[in-house]
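Structural overview
As a plain string of letters, each chain reads:
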Amino acid sequence: MKRISLMLLAALVAAPAVADETQVLTTRYTCDRGVMVPATYVNAVDLSLAVIHVEGTQITLYNEPAASGARYGWPSDGANYVWWTKGDEAALYWKEAGEETPVLQNCKESG
């Protein structure tokens, strides 16, 4: 998954027609238990995604509809992670059988 995500990011940034319209933002969050979560957000005309690195695992999530803030998940009906941001705060959930269980909460942007 890590290799695919890095290749996707490289392709988006390198594509001449898309590069002018693609925004890439990298930031870092500090969450409960002192867990650091680096996050890269890619926003293009037809694609918006977040790539987060959590406890040794790189996770790529696509933008989903949200009433408030930005919500990222995996486009499937199966179990997956959900990364939800609002302002300088974020939280990570595990979604399974329609229920979302908190994994990391109280994440604050730290640079």
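Residues numbered from 1 in each chain as written. Predicted model: local features only at pLDDT ≥ 70, side-chain atom pairs only at ≥ 80, totals over all residues. Heavy atoms only, no water.

What follows deals with the sheet that holds strand β2 (residues 36-43). What the 8 strands build is a closed barrel, ordered β1-β2-β3-β4-β5-β6-β7-β8; its pairing is antiparallel. When strand polarity is set aside, the average angle formed by the axes of neighbouring strands in this sheet is 30°. (Pairing = 2+ DSSP bridges. Helix = DSSP H or I, 4+ residues; strand = E, 2+ residues; numbered from the N terminus. Axes fitted to C-alpha atoms, helices over the stretch in contact; angles between N-to-C directions.)

It is worth spelling out the nonpolar core at this point. Judged by nonpolar contacts, the single largest core of 18 residues is most densely connected at Tyr29, Val37, Ile52, Trp83 and Leu104. Of all elements in the fold, only β2, β3 (48-54), β4 (57-64), β5 (70-73), β7 (89-96) and β8 (99-109) reach the threshold of two or more residues within this core. Core analysis: the second largest hydrophobic core is formed by 5 residues, Val42, Leu47, Leu49 and Val51 among them. (Core = buried A, V, L, I, M, F, W, Y, C linked by side-chain atoms within 4.5 Å. Buried < 20%, exposed > 50% of the residue type's maximum accessible area, 1.4 Å probe, protein only.)

Attention shifts here to the pairing of strand β6 (residues 80-86). Both β5 and β6 contribute to a ladder of 4 bridges, which runs antiparallel. Considered in β6, the bridge of Gly73 is made with Val82. Connecting β5 to the antiparallel partner β6 that follows it, the hairpin turn spans 6 residues. Across 7 bridges, the pairing between β6 and β7 is antiparallel. By the bridge assignment for β7, Tyr81 is matched with Trp94. The turn linking β6 back onto β7 is made up of 2 residues, and Gly87 within it adopts a positive phi angle of 65°.

With that out of the way, let us pick up the state of the cysteines. Disulfides are covalent bonds that connect the sulfur atoms of two cysteines. Inspection of every chain in the model, using the stated rule, returns 1 disulfide. Here Cys31 engages in a disulfide with Cys107; their sulfurs sit 2.0 Å apart. Measuring the twist about the S-S bond at about 110°, one finds the Cys31-Cys107 disulfide to be right-handed. Residue Cys31 is found in the loop between β1 (23-30) and β2, and its partner Cys107 is found in strand β8; the two are separated by 76 residues along the sequence. Pair check on accessibility: Cys31 and Cys107 agree, each one buried. (Disulfide = S-S within 2.5 Å.)

By the element assignment, Arg71 lies in strand β5. Excluding residues that lie within four positions of it along the chain, Arg71 makes contacts with Tyr62, Asn63, Glu64, Pro65, Ala66, Val82, Trp83, Trp84, Lys95 and Glu100. (Contact = heavy atoms within 4.5 Å.)

The next point concerns the packing of aromatic side chains. In total, this model carries 4 aromatic pairs according to the counting rule given. Their ring planes at 55° and their centres at 5.5 Å tell us that Tyr62 and Trp74 sit as a pair that is tilted. Of this pair, Tyr62 sits in strand β4 while Trp74 sits in the loop between β5 and β6; the two residues are 12 residues apart in sequence, bridging distant segments of the chain. With relative accessibility at 37%, the residue Trp74 sits in the partly exposed group. (Phe/Tyr/Trp six-rings, centres within 6.5 Å; stacked < 30°, edge-to-face > 60°.)

What follows is about the confidence of the model for the protein chain. Per-residue pLDDT for the protein chain has a mean of 85; in total, 82% of the residues score no lower than 70. This model gives residues 10-18 a pLDDT under 50, and the stretch forms 8 contacts once residues within four places in sequence are excluded. (pLDDT = per-residue confidence, 0-100.)

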